[in-house]
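# Observations on the model geometry
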Amino acid sequence: MFVTFEGIDGSGKSTCINKIKEYINNKYDANNFVFTREPGGFDLKECEQIRNILLDKNNIIDSMTEMLLYLASRKMHVERLIKPALENKKIVFCDRFYDSSIAYQGNGRSLGMQKVENMNLEALNNFKPDFTFYFKINLETSINRMKSNNRNFDRLENEDKIFFQKVIEGYDYLSKKEKRFIVIDANQSIDQVFDDVINELEKNVFSMLK
Ligand code: ADP
Ligand code: TYD
């Protein structure tokens, strides 16, 4: 089972994923699970190197090249980590996957959502997540969260509100189009968001362990 987490920067994905890890460690056998993230990938040197190129705010990268770099990293991530783990019957959780490219590069950077989706599906041989949690949040709320945490804005996080609004539109479009999307109200408190996600995971994912 392959589960991904999506949403704009500051929507609370990482916070919630850390709580899921704790929950799993207390309740289930952690050996059944793999946690990874994009860009990059847990323990994959080449993918992490591409991540560093992408997130370095001093690099000048045009939108198509940016998309191709995300995809190059993703291809290695899928073939070397995600698919082998799924073949070993693990449940794989990934912080961001190709829906990020569709929303950020496809709509945010105006490359075209369908084009980005097609390029990803082509390169990944139609490999898709089983479930995708979309942390849906108001732009102002996410900006305030990042500001109040003095978060070091990386290259993408410095972009203007119009860009993020387009990213949100991209995710909203996907959430209507894709049955695998589970929309979570990410404006809620950390505990409420976590409860909503765990309820869905118990119903759709952890049930396969029992
Ligand atoms: P993401 O991984 O989606 O970029 P984070 O989990 O890093 O988001 O959250 C961004 C910031 O907002 C963090 O500093 C975190 O402590 C805070 N935060 C996360 N979720 C919530 C929430 N539900 N309510 C208030 N603050 C939150
Ligand atoms: P990261 O620091 O991991 O942010 P977050 O904690 O919000 O997940 O940085 C990832 C950044 O990369 C984020 O701004 C979204 C962007 N991104 C894309 O633009 N396209 C992609 O395909 C992926 C995977 C990420």
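The preceding data block contains the structure.
The next thing to look at is the site of ligand 1. Ligand 1 sits among 14 residues. The nearest are Gly10, Lys13, Ser14, Thr15 and Asn149. Gly12 is positioned with one of its backbone polar atoms (N or O) 3.0 Å from an oxygen atom of ligand 1. Measuring from a nitrogen atom of ligand 1, one finds a backbone N or O atom of Gln188 at 2.9 Å. Residue composition of the shell around ligand 1, by class: two nonpolar, eight polar and four charged.

So, on to the site of ligand 2. Residues in close proximity to ligand 2 total 16 residues, the closest being Asp9, Arg74, Arg96, Ser101 and Gln105. At a separation of 3.2 Å, an oxygen atom of ligand 2 approaches a polar side-chain atom of Tyr70. The separation between a nitrogen atom of ligand 2 and a polar side-chain atom of Gln105 is 2.8 Å. Across the complex, the protein chains shield 93% of the 540 Å² of accessible surface that ligand 2 would expose by itself. Every element with two or more residues in the shell around ligand 2 is listed here: helix H1 (13-27), helix H3 (63-87) and helix H4 (98-108). At four residues, H4 tops the list of elements feeding residues into the shell around ligand 2. Counted by class, the shell around ligand 2 contains four nonpolar, four polar and eight charged residues.

Here we come to the pattern of salt bridges. Here the structure, examined in full by the defined rule, presents 16 salt bridges. Note that Arg74 is salt-bridged to Glu38, the shortest N-O span being 2.7 Å. Of the two residues, Arg74 sits in helix H3 while Glu38 sits in the loop between strand E2 (33-37) and helix H2 (45-55), which places them 36 residues apart along the sequence. The partner of Lys75 in a salt bridge is Glu79, with the nearest N and O atoms 2.9 Å apart. In this pair, Lys75 and Glu79 both sit in helix H3, four residues apart, roughly one turn of the helix. Residue classification places Lys75 among the partly exposed positions, given a relative accessible area of 28%. Exposure remark for Glu79: the relative accessible area of 31% places this residue in the partly exposed category. Connected through shared salt-bridge partners, Asp99, Glu117, Lys177, Glu178 and Arg180 make up one network.

Cut-offs used in this document
Residues numbered from 1 in each chain as written. Chains lettered and ligands numbered in written order. Predicted model: local features only at pLDDT ≥ 70, side-chain atom pairs only at ≥ 80, totals over all residues. Heavy atoms only, no water. Near = heavy atom within 4 Å. Polar contact = N/O pair within 3.5 Å; in protein donor to acceptor, adjacent residues only side chain to side chain. Nonpolar A, V, L, I, M, F, W, Y, C, P; charged D, E, K, R; others polar. Areas by Shrake-Rupley, 256 points an atom, 1.4 Å probe, with all protein chains shown as cover. Helix = DSSP H or I, 4+ residues; strand = E, 2+ residues; numbered from the N terminus. Salt bridge = Lys/Arg side-chain N within 4 Å of Asp/Glu carboxyl O. Buried < 20%, exposed > 50% of the residue type's maximum accessible area, 1.4 Å probe, protein only.

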